[in-house]
Amino acid sequence: MRNHMVFTPLLASTTVGTLDARSVAVHITDIQKALFMPQNQLFIAEAKAVFPERKVVECLSNDGLRFYVSYDKLAICTGSQGSTFNIPGVLEHAHFLRDVKQADAIHNKLIENIAKSGIPGRQTDEYQRLLHIVIVGGGPTGVEVAGELTDFINQDLKNLYPERARSMRVTLIEAKEVLGSFDASLREYAARKLIRRGVQLRKGIVKQMNDKEITLTDGTVIPYGLCIWSTGVGPTPFTLSLPFTKTAVGRLAVDKFMRVLAPPKQDTTGHVRGEGERTGAQKVNILADESDTPSLDSMGVVPDVYALGDVCANPDKPLPALAQVAEQQGRYLAKVLNEQAKAAPGWQPSQEFVYKSLGAMASVGGNSAVLELEVAPPTHLSLAGWLSWVAWRSAYLTRLGSIPKRIMVAFNWTMTFLFGRDMSRW
């Protein structure tokens, strides 16, 4: 349970000390000033269940106090979690990169392994293992982490520990293609840049892992000191527990107006669901696709319940789990609810949600990035190199939630450029 929003596109920079972790975390009240008003409330607690018939949400505080919050309108925006694909050992031994605590854990493990490798008498195999970083997942997060690590090794570690910097290895494992959602020319550019900067690209699928080794499905065993897992996202236990219809990959099913759907109260076997009783499977096949979702013709709209962001999908028009999708959905729902508040009873929205892609970008290390802009679907503008890197930094700097955080990030970038990265371990 946290009281802040994390600007995840810049989390990769905090893992090596380019940015301070506080720079990418913005308190909720800094984003939404209306929460200071006496008629509004903010509870730092975990949502445990939703009872749509009584219009009540069951919550649990950090110290175990259970309480209930009634609602007139409910928006479920609980997001997703890192997906392990049920691979043995991943949850126990891999590091995820979804929030500030996880970024700090990666930073501390990295610095700890560098220090351990310098202990006299260390066996060669163990020395090499400690200095081997494996990133699983070749999406934007995995690529940006790899780029940040190579910057750290080439610009900072080599000045402090030249021998260890030469021994440091970064391996990126991807089942398909690096930056698979980007244009082919950008994928090739990113791959070339990463290889040139010392990253080993390996095509494969992880079968299992323990605290020292990763085993691929082809039998290859890869020793590692730090494993960063960035293979995508899946539903949270809370999402799967809700009494609403789920898609084939476990997201809440919504219609074109972002309204949550639910199955009939009585199923085909004659069973009558209790209020708040979960529907659908407790576990989902994360390799499935939204298009595998059965027909939703028999599903009904849950009154006054909406869902936004990673937690939901319209199976007819599934959208990627991106921040820009959630932001546009939030603005759409706010507009709908404001119009409904002014309208006569029985008013229904007439304009469905339409997503407008703002493009995609990823840094690949050094002063290089790839940028893909959607000009007029299906036409895309693809850019790579220094100008894309400037656009990448400018775009993310302006998207931060508050002016103080923008100043802090700009200051961190300047300090890193002038004096190098922070290698302190907390």
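Residues numbered from 1 in each chain as written. Predicted model: local features only at pLDDT ≥ 70, side-chain atom pairs only at ≥ 80, totals over all residues. Heavy atoms only, no water.

Undergrad: It is not clear to me how the sheet that holds strand β10 (residues 169–174) should be interpreted in this structure. Could you clarify?
TA: Consider a sheet: its strands pair through backbone hydrogen bonds, and that pairing is either parallel or antiparallel. Taken in spatial order, the 5 strands line up as β8-β15-β9-β10-β11 in an open sheet, and their pairing is parallel. For this open sheet the edge positions go to β8 (95–96) and β11 (199–203), each flanked by a neighbour on one side alone. Two elements, β10 and β11, share 5 bridges in a ladder whose sense is parallel. Each residue of the ladder has a partner; that of Leu172, found in β11, is Leu201. (Pairing = 2+ DSSP bridges. Helix = DSSP H or I, 4+ residues; strand = E, 2+ residues; numbered from the N terminus.)

Undergrad: Please explain the sheet that holds strand β5 (residues 66–70) as it appears in this structure.
TA: Strands sit in the order β3-β4-β5 across an open sheet of 3 strands; the sheet is antiparallel. Single-partner strands in this sheet number two, and they are β3 (45–51) and β5. Each adjacent strand pair in this sheet contributes to an overall mean axis angle of 30°, direction not counted. One ladder, built from 5 bridges, connects strand β4 (residues 56–61) with β5; its direction is antiparallel. Bridge pairing links Glu58 to Tyr68 in β5. (Axes fitted to C-alpha atoms, helices over the stretch in contact; angles between N-to-C directions.)

Undergrad: Sorry if this is basic, but what is going on with the confidence of the model for the chain here?
TA: Low pLDDT marks regions whose predicted coordinates should not be analysed in detail. With 97% of its residues at a pLDDT of at least 70, the chain reaches an overall mean of 90. Looking over the chain, one finds the lowest element-wise mean pLDDT in helix α2 (residues 28–31), namely 84, and the highest in strand β9 (residues 132–136), namely 98. (pLDDT = per-residue confidence, 0-100.)

Undergrad: Looking at this structure, how should I read the packing of helix α11 (residues 386–399) against helix α12 (residues 403–419)?
TA: When two helices pack together, you describe them by how their axes are tilted relative to each other and by the distance separating the axes. As a packed pair, α11 and α12 sit with axes 8 Å apart at the nearest point and diverge in direction by 145°. Crossing handedness for the pair α11 and α12: right-handed. Within the contact between the two elements, α11 uses Arg393, Leu397 and Thr398 and α12 uses Arg406, Val409, Ala410 and Trp413. (Left-handed = near helix turned anticlockwise from the far one by under 90°. Contact = heavy atoms within 4.5 Å.)

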